[in-house]
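Examination of the molecular architecture
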Protein chains: 2
Amino acid sequence: MPAKSKIPKAGEPARAATINDIARLAGVSKKTVSRIINNSPLVRQDTREKVETLMREVGYVPDPLARGLAFRRSFLIGMVYDNPTAQFIVNMQYGALDTLRGSGFELVVHPCDSRSPNYIDSVRRFVQQQKLHGVMLVPRVSEDQALADMLAEIGVRYVRIAAVSLDAPERMVVTHDRDGAAEVADYLQSLGHTDIAMITGPRDYRSSIERSEGFVAALEARGITLPPGRVVEAGYTFESGVAAAETLLGGKKRPTAIFCGNDEMAAGVYRVAMRAGISIPRQLSVVGYDDSPLASRLWPPLTSVRRDTRDTGRISAAMLLLAEGAPRQMASVRPHLIVRDSCQPPG
Amino acid sequence: MPAKSKIPKAGEPARAATINDIARLAGVSKKTVSRIINNSPLVRQDTREKVETLMREVGYVPDPLARGLAFRRSFLIGMVYDNPTAQFIVNMQYGALDTLRGSGFELVVHPCDSRSPNYIDSVRRFVQQQKLHGVMLVPRVSEDQALADMLAEIGVRYVRIAAVSLDAPERMVVTHDRDGAAEVADYLQSLGHTDIAMITGPRDYRSSIERSEGFVAALEARGITLPPGRVVEAGYTFESGVAAAETLLGGKKRPTAIFCGNDEMAAGVYRVAMRAGISIPRQLSVVGYDDSPLASRLWPPLTSVRRDTRDTGRISAAMLLLAEGAPRQMASVRPHLIVRDSCQPPG
DNA sequence: CTGAAAGCGCTTACAG
DNA sequence: CTGAAAGCGCTTACAG
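Read on for a plain summary of the structure. (Residues numbered from 1 in each chain as written. Chains lettered and ligands numbered in written order. Predicted model: local features only at pLDDT ≥ 70, side-chain atom pairs only at ≥ 80, totals over all residues. Heavy atoms only, no water.)

Things to note about the overall build of chain A
Using the following cut-off: The helix and strand labels rest on DSSP assignments: H or I over at least four residues marks a helix, E over at least two residues marks a strand, and numbering proceeds from the N terminus. Here the globule rule is a power law, 2.2 Å times the number of residues to the power 0.38, and the radius of gyration is based on C-alpha atoms. A simple rule labels every residue: compare its accessible area, found with a 1.4 Å probe on the protein chains alone, to the largest value its type can have, and call it buried under 20%, exposed over 50%, or partly exposed in between. Only the protein chains shown count as cover for residues, with accessible areas throughout obtained via the Shrake-Rupley method and a probe of 1.4 Å.
If you tally the helices and strands in chain A, you get 13 helices and 12 strands. Relative to the 2.2 N^0.38 estimate, which gives 20 Å for 347 residues, the radius of gyration of chain A is 26 Å and therefore markedly larger than a compact globule would have. Considering only C-alpha atoms, chain A reaches an extent of 90 × 40 × 35 Å along its principal axes. Here chain A holds 347 residues, and 52% of them are scored as buried. Surface summary for chain A: the accessible area is close to 15600 Å², and the carbon and sulfur share equals 52%.

Focus on the protein's contact with DNA strand C
Selection rule: Nearness is defined per residue: one heavy atom within 4 Å of the molecule or strand is enough. What qualifies as a polar contact is a pair of N or O atoms within 3.5 Å, subject to a donor-acceptor requirement within protein and to the restriction that residues adjacent in sequence count only when both atoms come from side chains. Any residue that is not Ala, Val, Leu, Ile, Met, Phe, Trp, Tyr, Cys, Pro, Asp, Glu, Lys or Arg is counted as polar, Gly included; the first ten are nonpolar and the last four charged.
The environment of DNA strand C is formed by 30 residues, the closest being Ile19, Lys30, Lys31, Ser34 and Asn38 of chain B. Within 4 Å of the protein, the atoms of DNA strand C are drawn from sugar and phosphate moieties in a proportion of 68%. Here a phosphate oxygen of DNA strand C and a side-chain polar atom of Thr47 of chain A are 2.9 Å apart. In this structure, Arg67 of chain B approaches DNA strand C through a side-chain N or O atom, which is 3.3 Å from a phosphate oxygen. Counting only elements with at least two residues in the surface near DNA strand C, the list comes to helix 2 (30-37) and helix 4 (64-71) of chain A together with helix 2 (30-37) and helix 4 (64-71) of chain B. If you tally residues by element for the surface near DNA strand C, the top one is helix 4 of chain B, at five residues. A class-by-class count of the residues in the surface near DNA strand C yields 14 nonpolar, six polar and 10 charged.

With respect to the packing of aromatic side chains
Residues and elements named next belong to chain A. Under the convention used in this document: Ring pairs shown here join Phe, Tyr and Trp side chains whose ring centres sit within 6.5 Å, with only the six-membered ring taken for Trp; geometry is labelled stacked below 30 degrees between planes, edge-to-face above 60, and tilted in between. To sit over a ring, a charge needs its Lys NZ or Arg CZ within 6 Å of the ring centre and within 35 degrees of the ring normal.
What the rule picks out here adds up to 10 aromatic pairs over all chains. Residues Phe215 and Phe259 carry aromatic rings whose centres are separated by 4.7 Å and whose planes lie at 50° to one another, so their mutual orientation is tilted. Residue Phe215 is located in helix 9 (residues 206-221), and its partner Phe259 is located in strand 8 (residues 257-260); the two are separated by 44 residues in the primary sequence. Across this residue pair, the class does not change: Phe215 and Phe259 are buried. An aromatic cluster is built from Phe71, Phe75 and Phe105, whose rings are joined through pairwise contacts. The side chain of Arg140 reaches across the aromatic face of Tyr205, ending 4.9 Å from its centre. A cation sits over an aromatic face here: Arg211 above Tyr289, 3.8 Å from the ring centre.

Side note on the side chain of Asp290 of chain A
Test applied: Two residues qualify as a contact provided that any one of their heavy atoms is within 4.5 Å of a heavy atom in the partner residue.
Mapped onto the elements, Asp290 of chain A comes out in strand 9 (residues 285-290). Residues contacting Asp290 of chain A, with those up to four places away along its chain left out, are Arg211, Asn262, Asp263, Ser304, Val305, Arg306 and Arg307 of chain A.

Things to note about the interface of chain A and chain B
Accessible area lost on assembly of the parts is the figure often given for the size of an interface. Filter applied, for reference: Note: buried area is the sum, over both parts, of the accessible area (probe 1.4 Å) each one loses when the two are combined. Salt bridge, as used here: a side-chain nitrogen of Lys or Arg that lies within 4 Å of a carboxyl oxygen of Asp or Glu.
Every contact between the two is made by 46 residues of chain A and, on the other side, 45 residues of chain B. For the chain A and chain B pair, buried surface summed over both sides reaches about 3900 Å², with 62% attributable to carbon and sulfur atoms. Three residues stand out in chain A for area buried against chain B, namely Leu65, Arg297 and Trp299 of chain A, and they jointly supply 18% of the buried area on that side. Viewed at the interface, chain B and chain A are joined by four salt bridges. Among the salt bridges present, the one from Arg297 of chain B reaches Glu264 of chain A, with a minimum N-O distance of 2.7 Å. Elements with a contribution of two residues or more to the side of chain A that touches chain B: helix 4, strand 1 (76-81), helix 5 (86-100), strand 2 (106-111), helix 6 (119-129), helix 10 (238-250), helix 11 (263-276) and helix 12 (293-297) of chain A.

Considerations on the protein's contact with DNA strand D
Among the 30 residues in the neighbourhood of DNA strand D, the closest are listed as Ile19, Lys31, Ser34 and Asn38 of chain A together with Ser29 of chain B. For DNA strand D, the backbone portion of the atoms within 4 Å of the protein, that is sugar and phosphate, comes to 68%. One of the backbone nitrogen or oxygen atoms of Ile19 of chain A is found 2.7 Å away from a phosphate oxygen of DNA strand D. At 3.4 Å, a backbone N or O of Ala66 of chain A approaches a base nitrogen of DNA strand D. Secondary-structure elements contributing two or more residues to the surface near DNA strand D are helix 2 and helix 4 of chain A together with helix 2 and helix 4 of chain B. The dominant element in the surface near DNA strand D, judged by the number of residues it contributes, is helix 4 of chain A, at five residues. Taken together, the residues that form the surface near DNA strand D break down as 14 nonpolar, six polar and 10 charged.

Quick look at the relation of the copies chain A and chain B
We count it as follows: We place the copies in one frame by least squares, fitting the C-alpha atoms of every residue whose pLDDT is at least 70 in both.
The transformation that overlays chain A on chain B combines an axial shift of 0.0 Å with a rotation of 180°, and the residual RMSD is 0.0 Å. What the rotation and shift describe, once combined, is the action of a two-fold rotation axis. Of the interface residues in chain A, 98% have counterparts in chain B that sit at the interface too, so the contact is made through matching surfaces.

Details of the packing of helix 10 of chain A against helix 11 of chain A
Residue and element names in this part refer to chain A. Put simply, the rule reads: Here the axes come from fitting lines to C-alpha atoms, over the contacting stretch only for helices, and the angles between their N-to-C directions go from 0 to 180 degrees. Angles are sorted into four bins: roughly parallel if under 35 degrees, roughly antiparallel if over 145, roughly perpendicular if 65 to 115, and oblique for all others. Each crossing gets its hand from how the near helix is turned against the far one by less than a right angle, where anticlockwise is left-handed and clockwise is right-handed.
Running from N to C, helix 10 and helix 11 point in directions that differ by 50°, and their axes come no closer than 7 Å. Accordingly, the angle class assigned to the pair helix 10 and helix 11 is oblique. With respect to the hand of their crossing, helix 10 and helix 11 are arranged in right-handed fashion. Contacts between helix 10 and helix 11 involve Phe238, Ser240, Gly241, Val242, Ala245, Glu246 and Leu249 on the former and, on the latter, Glu264, Met265, Ala267, Gly268, Val269, Arg271, Val272, Ala273 and Arg275. Of the residues that constitute the contact of helix 10 with helix 11, the class distribution is nine nonpolar, three polar and four charged.

Observations regarding the sheet that holds strand 9 of chain A
Residue and element names in this part refer to chain A. How we decide: Between any two strands, pairing holds if DSSP finds at least two bridges.
Taken together, six strands build an open sheet; the order of strands is 7-6-8-9-10-12 and the sheet is mixed. Two strands lie at the open edges of the sheet, namely strand 7 (231-233) and strand 12 (336-338), each paired on one side alone. Each adjacent strand pair in this sheet contributes to an overall mean axis angle of 20°, direction not counted. Both strand 9 and strand 10 (residues 303-306) contribute to a ladder of four bridges, which runs parallel. Bridged to Gly288 within strand 10 is Ser304. Across the face of the sheet, helix 9 comes into contact with strand 6 (196-200), strand 8 and strand 9 while running at roughly 165° to strand 6.

Digging into helix 6 of chain A
Residues and elements named next belong to chain A. Going by this rule: For this quantity, the arc is that covered by the directions from the helix axis to the C-beta atoms.
Restricting attention to buried positions, one finds in helix 6 the residues Tyr119, Val123, Phe126 and Val127. What you see down the axis of helix 6 is that its buried residues fit within an arc of 95°, all on one side. Backbone geometry just after helix 6 places Lys131 at a positive phi near 45°.

Focus: the pairing of strand 2 (residues 106-111) of chain B
Residue and element names in this part refer to chain B. Our working rule: With strands facing away from the observer, any crossover in which the path from the first strand over the helix to the second runs clockwise is taken as right-handed.
The buried fraction of strand 2 is high, at six of six residues. Of the two faces of strand 2, both are covered, the one formed by Glu106, Val108 and His110 as well as the one formed by Leu107, Val109 and Pro111. When strand 1 (residues 76-81) meets strand 2, the two strands line up parallel, connected through six bridges. The partner of Ile77 across the bridge, within strand 2, is Leu107. The β-α-β motif built from strand 1, the intervening helix 5 (residues 86-100) and the parallel element strand 2 has right-handed crossover chirality.

Structure, rendered in structure tokens:
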């Protein structure tokens, strides 16, 4: 036994146990303890049990800093995003933490500004300096191929959450926004609407493209065509929704139903309808996307497409924790329509 | 020079520079480089400049894992919270990251369930295992003295964000909710309201106590008394706001104004008023607290008390980064009323 | 299946 | 103001 075992002074909080303490107390080498920590199969079962019991009794937890230094990789998962709604971010975080809890990994959040010219560089610095174990890319940064390429180049594991597959299957969690929009189309058609309009998000958002294309295609399949004037591009914000609604509702002949690319813009439609004295749903049916809390705060409660963001976060984090060699495939999260009171057959 | 300098194979990405590389290239000892990294004054100015230039050229960044191991403390700030609204959490995170960006520190988020019997233990494990540099306690966990005591006992630095001071000044960021509520009282009184009601949050939330006591006291000071029947306790949620509003608006004589402890509950009042055909603000004035995005999505736009949550996050993180010996004092963030269209003089 | 040695990239005493 | 030695708590080859 080396002579340096420190005797803690009385009153001083006992320093936390280390791998050396466990090895000594268990009468094995520290390498064996290390093997147990890392779930190596090269340990006899009885040795493993003896040591694990001891670790539990002593309350030993391996130091992530020391492990990280030796591994050249930390036990941190990074979540990188640009500017989604607060509820979306928080649900994604909750989901990721659901799977990280108890794993020894922690979640480091990293919002960034993808319009900034050097944002990819700044994400690279973040990832490299922290030696992240893996990175979750949330829309819309998840759609940026240059960002993904950079991460691949520096050899860090990542998962992309997006409306469609954009990468190798084991790196994708796909939310199938096209299907959600198609469900809206079917619903509105089934109510009898034929003069339908849509307010889309920005055309450089993949989610926006998928939602609008999916909507148009599903309507076509049911024999309804959306003329160009009935599709207005907005910016996924409340204010842009207001502006788009003014365009759509200010004309001579109003559509009888509007599908909005998200709930924020649907709230904008509500605002304009309220001011113009247009009754929802009697004179105008409205559907949103996201099923945010806002949807049920509005009056009448907004019919909207739910995406299970928390589950998306859970799955994404789980994909990052999978062992290097484990079989991996694309994950899917399916949207579905939540019907509330904002639609009815056209007057 | 030790003989172990590795020659990287061609094609292999050059390994990142270490403190040894910098020391060798600069012709100083690694201790001197370490002093420069840690801003020690015990370095000659020209030495410092020479080495700093070199570090920049090489793109050297000290490894937080190695530093953390040697310091016995990581470069991570933890944010611990229970269940505030999404917007509040996100703004707090943005604020904290505003000050952390470029500092070498990162933000680790840690939501928890303060009703769980062992939550304090689970926070302790989190803090100790990660060897956190500091912890931000967000309401309502910030109000839990047992949690703060635990953190003090294990010797970790923390900051508490709360409606009133609950701890040593250098550990407090105070949001003065009492003042915000008083401003609402003054405003409603100035409009001529005398039959006023309040929907409060849970009585075991400090923010709730401060907002209701502050409101009642300020009304008293202006000669208005709130009878017990005009104060209804709810749970800071939309649904509880609906229930409270039904109580207040279902009676014979309705109040002409309602102050709600947060915007979510104010949305509940809107819902009940809408269903009952009570016009806001013509027949009923409503005020909220938080100035969340919801406030401007509602119709009519809701007058509400703004608290600058992002700034609160900024300040809190800054207090945690202050050097051990730096002079420190209590920080304050002041609320203020944002007047929109949900109030007018009583009919 | 197990172990002794060397190393990950830093900092902390201790000297000078 | 500067440096050589030892150590932080782990893991990775390399032996056996």
